[in-house]
Each structure stands twice: as C-alpha cells, then as structure tokens.
Amino acid sequence: MTGYLNLFDFKQKVDYKNEILAGLTVAMTMMPESLSFAILAGLPPLAGLYAAFIMGLVTAVFGGRPGMVSGGAGATVIVLISLMQSNGIEYVFAAVAMAGIFQILVGVFKLGKFIRLVPQPVMYGFVNGLAVIIFISQFEQFKTVSNGQISWLIGTPLYIMAGLVGLTIAIVLILPKITKAVPASLVAIIVVFGLVLGFDIDTRTVRDIASVSGGFPPFHIPAVPFNFETLQIIFPYALIMAGVGLTESLLTLNLVDELVGNRGNGNKECIAQGSANILNGFFFGMGGCAMIAQTFVNISAGARARLSGIIAACTILIVILFGAPVIEKIPMASLTGVMIMVAIGTFEWGSFKIINKMPNKDIFVGILVALITIWLHNLALAVLIGVIISALVFAWESAKRIRARKYVDENGVKYYEISGPLFFGSTMAFTEKFDVANDPETVVIDFKESRIADMSGIEALNKLTERYKKANKKLQLRHLSEDCRLLLKNADSIIDVNIMEDPTYKIP
C-alpha cells in the first residue's frame, strides 16, 4: 500500500504547509482553465470542473509521479470537439471511457517506457510550444463579446485589466525575493481579489466565464447504442485522445523528473490516467490528462508529495458544492497574470544558450515541433513528427558511418573488417565496399565492430553471397554476435553463407 500512497509513506518527508498552499493555488488556476476548455468544446461548464476533480484526485493518489497535476486539459478536449458537434455529449462520454481503457492497456503492457524514444530537441520543442500556447491563450481575457461580436477591450476596461495583470505579475516576481513562506501565485490572487472587492472595481471575474456551482458528480452510463456502429464512431476519437493524453502526461512526467531529481513510474501513470478517464466517462466529466502549467505551478510552490494534488482536487469539489459564490468573484486578471508567469517559467530559455552548440538538424526538429504544437494545438502529432524526423536523420547519419578495412593475409585470404551497423540505410554503401571480380577465392567478412540489424542487412548479405558464388568464390562471416546469428538462422531459407566458428581458447 505504501508504494501507491506515498502521502502516507512516513519515510518521505512532507512539508504540509507547502503542500496545502500549493494545492490551493493549483485549484485556483485550474478551475477557470477547465471551464474555458469545456465551453470551447460546447460541453456543460460543470463537465470541465468534474473532470478536474476526478482526474486530479485519482492521479494524485495512484499516479506514477508525486507532484504532477492532472485535470480537464485542452490537449485532450480539442480532440473531442468534432465528435461533440456531430454526435452529441453522450458519445463524448463513451469515447472518454474507451480512451481510458486504451490507456490502462498501455500501462498494463508496460509500453510507457517508449516515451524514452523522444529526443531532447523534441522535448524542447514540446515545452516551448506549450509555453507559447499558454501565453497566447491569456490574451483571450482582453477580449469582450458585444451583440455577438468579439472585440478587444478598449479604454478604461483595458487599463483596469492590464493594471491588475501587471500587479499580479509584479507580486509573483517580487515576493519570492522577500519571502518564500507562501506561494507567490496564491498571494497575488488574494491581493488582487481583495483590491477589486475593496474598491468595487468593475472587471471580469470567474462568474463571467460560467457558474461553478453544482452537486457531486452524478453516476451516468453513456446513453449510446451498444453496437458496432457506435464503436466505429467513437473508436478513432478514443484512440487519438488516449495517445494525446498519454503523450502529454508522460512528457510532463519526464520534465518533473528532471526538476525534482528522481524518476517517476510511467506505466503506473498510464494506468492512473486511464482509470480516471473511465470514471470521467461514467461521472459526467470531459476527460483529461496531465496539465503542464498547473504541474509547474505546483512544483514551483514547493510541492513534492501527493498531498498537494489531493488538496487541489478536493478544493475544486468543495467549490462546486459550497464555495461558488466566493470563487466566482475572483478577478480573471489575477489568474491571467499567474498563467502568464507560468508560461514564462515553462519556456526553456536555456535552449537559446545552447542553440549555437546544437547540430542544425536538432535545431530544425525543435523549432518544427514547437511550430506544429502552436499552430495545430496537436501535441501528439507534433511529437510524432519530431520523433520520425529525428529517427530518419539518425538513420541517415548512421548509414554514412559504415566502413570496411581491407587486407590480405599470408594465406591469400582477403579480409573485410566492417565497422558500423548493417541496416536498411547502409546496405548500399556496404555492398559497394566489395570487389567481387578481383577478390581471391576465399573472402572473410569480419563483424567484430559491426552487427546485422534488420532484414535489409540479411538481404544484402544474401545478394553478396550470390555474387561470390557465381564467381566460384567462398564467402565466410566471422565474429557475429548471438543476435546476428539468430537473425541469419531465422532467414536460412533465403540466405546461404558460411559462418566461421570463432576459436575458443581453453585454459589448461
């Protein structure tokens, strides 16, 4: 039980003051964001808050990374907008539940480890792209709707909004230099809230986005036909949502690992995310994943255990049940200022310091991932493209590294000592190393510093063997590793080469 509930692991030092204050701050920043994304998708506002509560609580208690925060994130909700418009909310809930099943399967089969295949330039692009998205999205608070028309604030409302945002940013910047006893973000929200309330300043509040009052999340079985046609409709949405959610969650987990200096459990996080999304589907939540902005708010406030996430989730539920009249009066300017500072803190400014030391291909990949993230708001697609390009560049560079050292021994046997991997990208360069027409009767290919990596390498050897056979010459392979021997054995129906048994030297 201790392994799952680190909150109650007495070997782990828990700073209760930091955990509680961080949790309250996270709740304050998570609620308006979850409401905004729910409204964006055409869902009831409470579906966003219920998702924030369910995701936050389940992943805080059972997740693979203490300190991470999950909720009704925009990355997953954006996937479901077209499903909501075409088929309605019941299909959305069914898709969310199915996405949860997919995520649990990823965790059960321990596939979360494949997030390690994401290169560092892709990580930089992902983080910087998200930071820009968070920053740009805050400008929506400087807009107003009049007679169905969206326009920018002007005059006094603009000055008030900008002034309060500026005050929030100033407090967040200056307070940590004076004291770190309480999170600067929470102090900023309280100060601006008191200022607006005390001087009766007319500015936009949480109430202007949506009402946050309601009851406990109701149990609700999605009212969709349980047939193959329904499966055809929700399957692609569920699959994409699961992929996007896990990609963002596991990348966030890796980033938190770097910040706090110890490793989380990716597979455990997958199972927790999936379980939370299944509950969302049956308890009126819009689903979600890890929220990198709120996670950074949590970590920067000093939270390192699971308590802060539990406090944040429970605070959101208490607000829904009892505290809505107070929370709805919080100025959006204070939350906007906090999120702007989160965006600035999220951005990997250090990437600019090392950009002149990075290979051009890595710079290209990082910028491309950031641009795709910003332009399409599709994290999974951005990361996938980044990984594919990085893999292709790596394959190309590896293909150019294959070398052959040639010499003839005293017995007239010619040796080709190969260095570098033999795989699909290097087979052409490998084949060009050999001079079949002018080689002696016996040729040895030494793989001491190389290995056969795939079927293309086997086929290249097969064609080389046929060329030497037609020339009535003998080809032998030497110093093959066990896995290379196994590859050749499995392909013995299409390849015929003579593998030399390496000598075994026994100690007398």
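Residues numbered from 1 in each chain as written. Predicted model: local features only at pLDDT ≥ 70, side-chain atom pairs only at ≥ 80, totals over all residues. Heavy atoms only, no water.

J.: Please clarify how the pattern of salt bridges should be interpreted in this entry.
T.: Where charged atoms of side chains with opposite charge meet at close range, the side chains can pair. Counted under the stated rule, the structure contains 6 salt bridges. Notably, a salt bridge pairs Glu328 with Arg207, separated by 3.5 Å at the nearest N-O pair. Residue Glu328 is found in the loop between helix H11 (307-327) and helix H12 (332-346), and its partner Arg207 is found in the loop between helix H7 (184-198) and helix H8 (228-260); the two are separated by 121 residues along the sequence. Given the relative accessible area of 10%, Glu328 is considered buried. A salt bridge links Lys414 to Asp439, with the nearest nitrogen and oxygen atoms 2.8 Å apart. Linking Lys414 in strand E6 (residues 414-419) with Asp439 in the loop between helix H16 (427-431) and strand E7 (442-449), this pair joins segments that are 25 residues apart in sequence. (Salt bridge = Lys/Arg side-chain N within 4 Å of Asp/Glu carboxyl O. Helix = DSSP H or I, 4+ residues; strand = E, 2+ residues; numbered from the N terminus. Buried < 20%, exposed > 50% of the residue type's maximum accessible area, 1.4 Å probe, protein only.)

J.: I keep staring at the packing of helix H4 (residues 89-108) against H8 and nothing clicks. Help me out?
T.: When two helices pack together, their arrangement is given by the angle between the helix axes and by the axis-to-axis distance. One way to put it is that H4 packs onto H8 with a least axis distance of 7 Å and a crossing angle of 55°. With respect to H8, the element H4 is oriented oblique. For the pair H4 and H8, the sense of crossing is right-handed. Contacts from Tyr91, Ala94, Ala95, Val96, Met98, Ala99, Phe102, Gln103 and Val106 of H4 reach H8 at Thr230, Leu231, Ile233, Ile234, Phe235, Tyr237, Ala238, Leu239, Met241, Ala242, Gly245 and Leu246. In terms of residue class, the contact of H4 with H8 is built from 18 nonpolar, 3 polar and no charged. (Axes fitted to C-alpha atoms, helices over the stretch in contact; angles between N-to-C directions. Parallel < 35°, antiparallel > 145°, perpendicular 65-115°, else oblique. Left-handed = near helix turned anticlockwise from the far one by under 90°. Contact = heavy atoms within 4.5 Å. Nonpolar A, V, L, I, M, F, W, Y, C, P; charged D, E, K, R; others polar.)

J.: Can you walk me through the pairing of strand E2 (residues 143-146) in this structure?
T.: Sheet faces and side chains relate simply in a regular strand, where the side chains alternate between the two faces. In terms of strand pairing, E2 meets strand E3 (residues 149-152) through 4 bridges, oriented antiparallel. Looking at E3, one finds that Val145 is bridged to Ile150. Between the antiparallel neighbours E2 and E3 lie 2 residues, among them Asn147 with a positive phi of about 55°. (Pairing = 2+ DSSP bridges.)

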